[in-house]
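Structural characterization, general
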Amino acid sequence: MKHAGTALRAAAILALLVLGALMVSCPRSAGAQAPPPPPRFVMLCAACHGYDGIGHDPATPNLAGQNIVYLYNQMMAFRTRARVHPEMNFFTGQMTLEELQAIAIYYSVLPR
Ligand code: HEC
C-alpha cells in the first residue's frame, strides 16, 4: 500500500512537470508560426524594394502582399528580358529559379 501511494504521488508530480513543460513551450511554438526570416539573398532586392516589400521611391513598386504567381511571372519576365528594366534584368539574372521562388513566397506573405 505504501509503495502504491508513493508511485501515485510520483506519477502526479510527473504529470504536473509535463504539464508545466507544455505550458512553457507553448509561447515558443506560437513564435515558430511567425513569418520566416527573409532568405539571405533578399538583401539584393531589399536595397530598392525593402525587407518589408515597400518600394523605396515612387518608381519602385511595392511587392508586399502581391500575388505569388504574379511576382514569380514578373521576375521570370525580367530574367528572360521579355520585360525590360536594366536593374531588374540584372538582379533577376543573378538568382536561381529556386531563389526566385523563395523570394516570391517571402514577399507574397508580407502584410501590404
Ligand atoms: C536598383 C533597384 C532595384 C533592385 C536592386 C531590385 N529591383 Fe525590382 N524593381 C525595381 C524597379 C524600379 C521596378 C519597376 C520596373 C518597371 O518600371 O518596369 C522593379 C520591379 C520589380 C518587380 C515587378 C513588380 C510589379 O508590380 O510588376 C518585381 C517582382 C521585382 N522588382 C522584384 C525584385 C527582386 C526579386 C529583386 C532582387 C532579386 C529586385 N526586384 C531588385 C527596382 C529594383
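To keep things clear, this report deals only with the structure shown in the data block.

The rules behind the values
Residues numbered from 1 in each chain as written. Predicted model: local features only at pLDDT ≥ 70, side-chain atom pairs only at ≥ 80, totals over all residues. Helix = DSSP H or I, 4+ residues; strand = E, 2+ residues; numbered from the N terminus. Contact = placed C-beta atoms within 7 Å. Near = placed C-beta within 6 Å. Nonpolar A, V, L, I, M, F, W, Y, C, P; charged D, E, K, R; others polar. Expected span 1.5 Å × (residues − 1). Buried ≥ 20, exposed ≤ 12 C-beta atoms within 10 Å, placed from the backbone. Arc of directions from axis to C-beta.

Brief notes about the overall build of the chain
In terms of regular secondary structure, the chain is built from five helices and zero strands. Beginning at the N terminus, the succession of helices and strands in the chain can be written as α-α-α-α-α. Look at the contacts in the chain between residues 6 or more apart in sequence, and 58% of them connect residues 24 or more apart.

What about the site of the ligand?
Around the ligand, the surrounding shell holds 19 residues, and the nearest of these are Cys45, Cys48, Pro61, Glu87 and Phe91. Mapped by element, the contributors of at least two residues to the shell around the ligand are helix H2 (42–49), helix H3 (68–79) and helix H4 (86–93). At five residues, the largest contribution of residues to the shell around the ligand is made by H2. Residues belonging to the shell around the ligand are distributed by class as follows: 13 nonpolar, five polar and one charged.

Concerning unusual backbone geometry
Its identity is not glycine, yet arginine 81 carries a phi of approximately 65 degrees, on the positive side. Tracing the sequence through the fold places arginine 81 in the loop between H3 and H4.

Here's the deal with H3
Its twelve residues place the ends of H3 16 Å apart at the C-alpha level, agreeing with the 16 Å of an ideal helix rising 1.5 Å per residue. By the burial criterion, the buried members of H3 are Leu71, Met75 and Phe78. The buried residues of H3 occupy an angular sector of 60 degrees when the element is viewed end-on, so they sit on one face. Every exposed residue of H3 that faces more than 90 degrees away from the buried side is listed here: Val69 and Tyr70. Lining the buried residues of H3 we find H4 and helix H5 (97–108). Just downstream of H3, arginine 81 is the residue with a positive phi angle, here 65 degrees.

Overview of the environment of proline 61
Examined against the element boundaries, proline 61 turns out to sit in the loop between H2 and H3. As a C-alpha pair, proline 61 and cysteine 48 span 13 residues in sequence and 9.1 Å in three-dimensional space.

Everything listed here is a matter of coordinates, which is why it stays silent on function.
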